[in-house]
Amino acid sequence: MEKLTYRHVAALRAKGTRDQAIVGVVASGNLEVLVERGLPDGECEVEIRTPVEGFGDVWSAVVVDFVGRSSPGGLKLSINDGGARPDMVALRLAQAVRAIEGERS
Amino acid sequence: MTVWDSGRIARASRLQAGARYAKGKHVARKDATALLEAVIQPGDRVCIEGDNQKQADMLAAALAAADSGKLHDLHMVQSGVVLPEHLDIFERGIARRLDYAFSGPQSQRIARLLFGGKIELGAVHTYLELFARYFIDLTPQVALIAAVSADREGNLYTGPNTEDTPAIVEATAFKDGIVIAQVNEVVDKLPRIDIPSDWVNYVIESDKPFYVEPLFTRDPAAITETQILTAMLAIKGIYAPYGVQRLNHGIGFNTAAIELLLPTYGERLGLKGKVASYWALNPHPTLIPAIESGWVKQIHSFGSEVGMDDYIRARSDVYFTGPDGSLRSNRAFSQVAGLYACDMFIGSTLQIDLQGNSSTVTTDRVAGFGGAPNMGSDARGRRHPSEPWLRAGKEADPDSPALMRRGRKLVVQIGETFGDKNVPLFVEHLDAIELARKLDLDLAPVMVYGDDVTHIVTEEGIANLLLCRDNDEREQAIRGVAGYTAIGRARDAKMVQRLRERGVIRRPEDLGIDPLDADRRMLAASSIKDLVRWSGGLYAPPSRFRNW
Amino acid sequence: MSSPSWFEASARQRVKEMLDQDSFVEFIGPEQRETSPHLSLFDLPEQFDDGMIVGRGLLDGKPVFIAAQEGRFMGGAFGEVHGAKLTGLLRAARDVGSIPVVILFDTGGVRLQEANAGELAIAEIMRAVVEARLAGVPVVGLVGGRAGCYGGGGLTAGSCSALAVSEQGRISVSGPEVIETNRGVEEFDSKDRALVWRTMGGKQRYLIGGADVFADDTVASFRDAARYVIEHAAALDLDTLQAEQVRLEQRIERFGACADAIDIWRSMGAADPQSLPGMAFEDFVALADGLKETRHVAR
């Protein structure tokens, strides 16, 4: 099991008022993302536990893009990976931020 | 003295040779191989009917059982190389040369026979090209076709799976060739006559119905959330803005997802009646919910689809049916419709390079083309205008005067950045090029040329290649939707950002697509059973797709 | 759009959507990271809720305790933490004494990686079900997920006051693969999906009295079914057990010689038993209510 942690500066504080949200499920090719508030507004942390070792550079790239495209300021995202492809990871991260924002505006 | 009817004379002598096996036009199943040995001559061009759907399988087996001392050096001209027998014919030395269009399950074995020199390859065609050559320089001397039933006179009912039969018979019968039909049964009265008896020379009742592959059945249960995301991108980012009314879909899961999202996501976007009304399309079971929800006005089909016959019969406003009520498909006409009367082709592929060329061959598989290159190409002979065609033309060439500007067909490649077994969709060089070198071909087997492709859709976004002004932009637009493949990660981030600002690249968030909507529950049907339910019990899926 | 599919929903979606809006309160939520102590030993990924969601909420304004298994995480299988969360919920219900428990089963049985802990968990859960029922608390099960309700899940379901099942739901102790492995493919071909469903699937279970309500594959239908079975849950007493014993004996007597579910349906009086698996929800319910024996309500 590989554990990876990335901390980034985030441009904007995440919208909404929910404390936490969870999306996805740990299954083959899938993953769950637990997203919680609690970090300073300008920070974002992503912590990953994955059984597929040696893909740190891909994870890092996915996380950098995610932080750039979403506004996850103040969020801590914890991932349990079931061996998901990067396209699925990117989708789940985007979903996690949407889920903690709350209902469609 | 010049002889001007040598073909007719040859036909008469072939018929005479075959006569001893026939009662009228009818030949017993046990005499099938003997009949073929009698009427076919070494070196003949022979067409065995068979494409990606129906197969004249009994006749293929009969030819493969022929004595290679009597029959050899045949030149096979046929749509599909699909059955093992199609290649046994080469392995056994009965045939030597091959011109074809499609090979699915046999693609690896074809490659081996090509490398081994057992097959002398003419060319790999699209369906429509091969049909065209039947009338120019590849006219068959003998055609082996498949029909549902024949009457005593030899009229044929080819039924819902008519497909290639009219094109093959037209070319053969009217150029002094011999037409031999396998039929599932001989009956007193046909439901309708698809092929008149005087175009048919011999009829053989087969011991079992000709094989049909359910190639266009996609189980909604296997559609993934990323495929749903690509489908939402296509609907909101292409169907909606261009107002695509006339179109063709490929057979992949991404387009199946689009079909299943029309009555849900498409409805929410208010697109009903505004997009996807007229189709050149096989009877896809996954389109049933959209049809039932009133989205679809008309569909013309290349072939039928296993289990859809009763549904089609009950929806004659939508499908083309005969006076008997059953579907009449016609591959040649539907391919023409796809080329000239559709404003969009959207389908998936296995590899896309940095210029946007795409291919489904890999170095050990020669899959052929089928119809995709024809659907997926701009029709340079098109002259009638339509909204999407004009708009695409304007995007590609904003400066020309409108009255002199060509329109463009929308040719969309859709897929996830990583395919089966994590194989990247985007590559530096197509395997097709290496294959062409190995086989010493004049042309690499490219499915859709980059200059025909207008959009590439992946889960990362849409690249609109019409808006790219030079090769650099084009390359970066492709890299910009190539996700975390090596191609995608080698993008020029600044340039990609500029392309995004110009709308060349559009991400889900640019289009206001909520990632939480990428949920399987957005699909109008999530299982084959749901499709049966939508059809009111009229769709009867083959047993391998059932769990009840 | 009609009510969303139960089969397609995640455990969280099922819980959230079947209860009154915003009424669900989770106990030991994923943020507490009460994960399995065993899986990491096998280098297997954990899930923050260990595949079991427990809490309370309102169903039509009335309080319920609710538990849901996530059938996609390890096939919804029972492990130590997963099981303990359900045991705790049932014991709480027993102690409170007035709030019914709804269990959303979706499980292949016990996790191989924590077999002993999982088996113990099943024993504890079954005892807790019985104790809650003896305290007068209805414990009802809903079955309609991907993983079905197998192994210890099947045993636990059998201990419940009442069950609702959809066509997609399967209830059994030994799963298809287990039967095939032990008894041979001639006995049971686990790849024959039609056979699996007509033997263990919701329609068959409903017809022979293995489930009390037949639900459509929608959240709304399961919600209605849950309300109904809570209201009609049998008390756990000697009369109920004796009546159930009689029912099961009669069932063996009537259908013991049948080799296939089709034979059972035919002998029940179904005119065209082959057509049952393909039948739409409303048609099937109408037919089944004519066929089904009335004695099945005992539990």
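Parameters at a glance
- Residues numbered from 1 in each chain as written.
- Chains lettered and ligands numbered in written order.
- Predicted model: local features only at pLDDT ≥ 70, side-chain atom pairs only at ≥ 80, totals over all residues.
- Helix = DSSP H or I, 4+ residues; strand = E, 2+ residues; numbered from the N terminus.
- Rg over C-alpha atoms; globule rule 2.2 N^0.38 Å.
- Buried ≥ 20, exposed ≤ 12 C-beta atoms within 10 Å, placed from the backbone.
- Contact = placed C-beta atoms within 7 Å.
- Pairing = 2+ DSSP bridges.
- Nonpolar A, V, L, I, M, F, W, Y, C, P; charged D, E, K, R; others polar.
- Core = buried A, V, L, I, M, F, W, Y, C linked by C-beta atoms within 7 Å.
- pLDDT = per-residue confidence, 0-100.
- Right-handed = clockwise from strand over helix to strand, strands pointing away.
- Axes fitted to C-alpha atoms, helices over the stretch in contact; angles between N-to-C directions.
- Parallel < 35°, antiparallel > 145°, perpendicular 65-115°, else oblique.
- Left-handed = near helix turned anticlockwise from the far one by under 90°.

Caption draft 1: Spatial organisation of the overall build of chain B. Of regular secondary structure, chain B possesses 19 helices and 22 strands. In summary, chain B has a C-alpha radius of gyration of 24 Å against a globular reference of 24 Å for 548 residues, a match within 12%. Burial statistics for chain B: of 548 residues in total, 57% are counted as buried. A fraction of 74% describes how many contacts in chain B between residues 6 or more apart in sequence connect residues 24 or more apart.

Caption draft 2: Examining the overall build of chain C more closely. Looking only at helices and strands, chain C has 11 helices and seven strands in total. Taken along the three principal axes of its C-alpha coordinates, chain C extends 55 × 45 × 45 Å. Looking at chain C residue by residue over its 299 residues, the buried ones come to 51%. Pairs at least 24 residues apart make up 72% of the contacts formed inside chain C by residues separated by at least 6 positions.

Caption draft 3: Local environment of the pairing of strand β10 (residues 178–186) of chain B. Residues and elements named next belong to chain B. Relative to β10, strand β8 (residues 142–150) runs parallel, the two being bridged by eight bridges. Residue L144 lies in a different strand from β10, and its bridge partner there is I180. When β10 meets strand β11 (residues 202–205), the two strands line up parallel, connected through four bridges. Its bridge partner lying in β11, Q182 is registered against I204.

Caption draft 4: Representation of helix α3 (residues 57–64) of chain B in the model. The buried fraction of α3 of chain B is high, at seven of eight residues. Turning to α3 of chain B, its buried residues number three or more, namely D57, M58, L59, A60, A62, L63 and A64 of chain B.

Caption draft 5: Summary view of the sheet that holds strand β22 (residues 505–506) of chain B. Spatial ordering of the open sheet is given by β15-β14-β13-β16-β19-β20-β21-β22 (chain B), a layout of eight strands whose pairing is mixed. Across the chains shown, the open sheet's two edge strands, defined by having one partner strand only, are β15 (298–300) and β22 of chain B.

Caption draft 6: Here's a closer look at the interface of chain A and chain C. On the side of chain C, 13 residues touch chain A, which itself brings 14 residues to the contact. For the side of chain A that touches chain C, the elements supplying multiple residues, two or more each, are β2 (20–24), β3 (31–37) and β5 (75–81) of chain A. Of all the elements, β3 of chain A adds the most residues to the side of chain A that touches chain C, at three residues. Looking at the side of chain A that touches chain C residue by residue, the class counts come to seven nonpolar, three polar and four charged.

Caption draft 7: Quick look at unusual backbone geometry. Even without a glycine there, the phi angle at N422 of chain B is positive, about 60°. On the secondary structure map, N422 of chain B appears in the loop between β19 (410–414) and α15 (431–439). Among the residues examined, N422 of chain B registers 11 C-beta atoms within 10 Å and is labelled exposed. The backbone of D43 of chain C sits at a positive phi, close to 60°, despite the residue not being glycine. Relative to the elements of secondary structure, D43 of chain C occurs in the loop between β1 (25–27) and β2 (52–59).

Caption draft 8: Summary view of the interface of chain B and chain C. On the chain C side, the residues contacting the eight residues of chain B number 11 residues. Within the side of chain B that touches chain C, the residues separate by chemical class into one nonpolar, three polar and four charged.

Caption draft 9: Summary view of the nonpolar core. Formed by 276 residues in total, the largest nonpolar core has its most connected members in L63, A181, A234 and L261 of chain B together with A164 of chain C. Other than its neighbours up to four places away in sequence, L261 of chain B contacts I228, A231, M232, I235, G266, M522 and L523 of chain B.

Caption draft 10: The confidence of the model for chain C, seen in detail. Of all residues in chain C, 97% attain a pLDDT of 70 or more, and the chain-wide mean is 94. Interface confidence for the predicted complex, expressed as ipTM, amounts to 0.94; the pTM equals 0.95.

Caption draft 11: Structural view of the pairing of strand β4 (residues 101–105) of chain C. Residues and elements named next belong to chain C. Burial runs high along β4: five of the five residues are buried. Bridge count for strand β3 (residues 62–69) against β4 is four bridges, and the pairing is parallel. Along β4, the bridge assignment pairs F65 with V101. Regarding the hand of the β-α-β motif, the stretch spanning β3, helix α2 (residues 80–96) and β4 is right-handed. Regarding topology, helix α3 (residues 115–134) serves as the crossover connection from β4 to the parallel strand β5 (residues 139–143), and that connection is right-handed.

Caption draft 12: Layout of the packing of helix α6 (residues 127–134) of chain B against helix α12 (residues 331–340) of chain B. Residue and element names in this part refer to chain B. Between α6 and α12, the shortest axis-to-axis distance is 9 Å and the interhelical angle comes to 125°. In terms of axis orientation, α6 runs oblique to α12. Seen from above, α6 lies across α12 with left-handed handedness. Mapping the contact onto sequence places Y127, L128 and F131 in α6 and R331, A332, Q335, V336 and L339 in α12. Of the residues belonging to the contact of α6 with α12, the class tally is six nonpolar, one polar and one charged.

Caption draft 13: Molecular detail of the sheet that holds β4 of chain C. Residues and elements named next belong to chain C. What the seven strands build is an open sheet, ordered β1-β2-β3-β4-β5-β6-β7; its pairing is mixed. Only two strands of the sheet have a single neighbouring strand rather than two, namely β1 and β7 (213–215). Geometrically, the sheet is characterised by an average inter-axis angle of 25° between neighbouring strands, direction not taken into account. Bridge count for β1 against β2 is three bridges, and the pairing is antiparallel. Across the sheet, residue V25 finds its bridge partner in β2, namely R56.

Caption draft 14: Main features of the packing of helix α16 (residues 471–479) of chain B against helix α18 (residues 493–501) of chain B. Residues and elements named next belong to chain B. Orientation of α16 relative to α18, taken along the N-to-C sense of each, is 90°, at an axis distance of 9 Å. By the angle between their axes, α16 is roughly perpendicular relative to α18. Here α16 contributes E473, Q476, A477 and R479 to the contact with α18, which in turn contributes M495, V496 and L499.

Caption draft 15: Inspection of the environment of L499 of chain B at higher detail. Residues and elements named next belong to chain B. Here L499 is to be found in helix α18. Classification of L499 as buried rests on a count of 25 C-beta atoms within 10 Å. As a C-alpha pair, L499 and R380 span 119 residues in sequence and 28 Å in three-dimensional space. Not counting residues up to four positions away in its chain, the partners in contact with L499 are E473, Q476, A477, G480, V504 and I505.

Caption draft 16: Representation of the environment of D378 of chain B within the structure. Residues and elements named next belong to chain B. Tracing the chain through its elements places D378 in the loop between α13 (372–375) and α14 (387–396). A tally of 23 C-beta atoms within 10 Å means that D378 is categorised as buried. Separated by 76 residues in sequence, D378 and T454 place their C-alpha atoms 9.6 Å apart. Discounting residues that sit within four places of it in the chain, D378 has contacts with R408, K409, V411 and D452.

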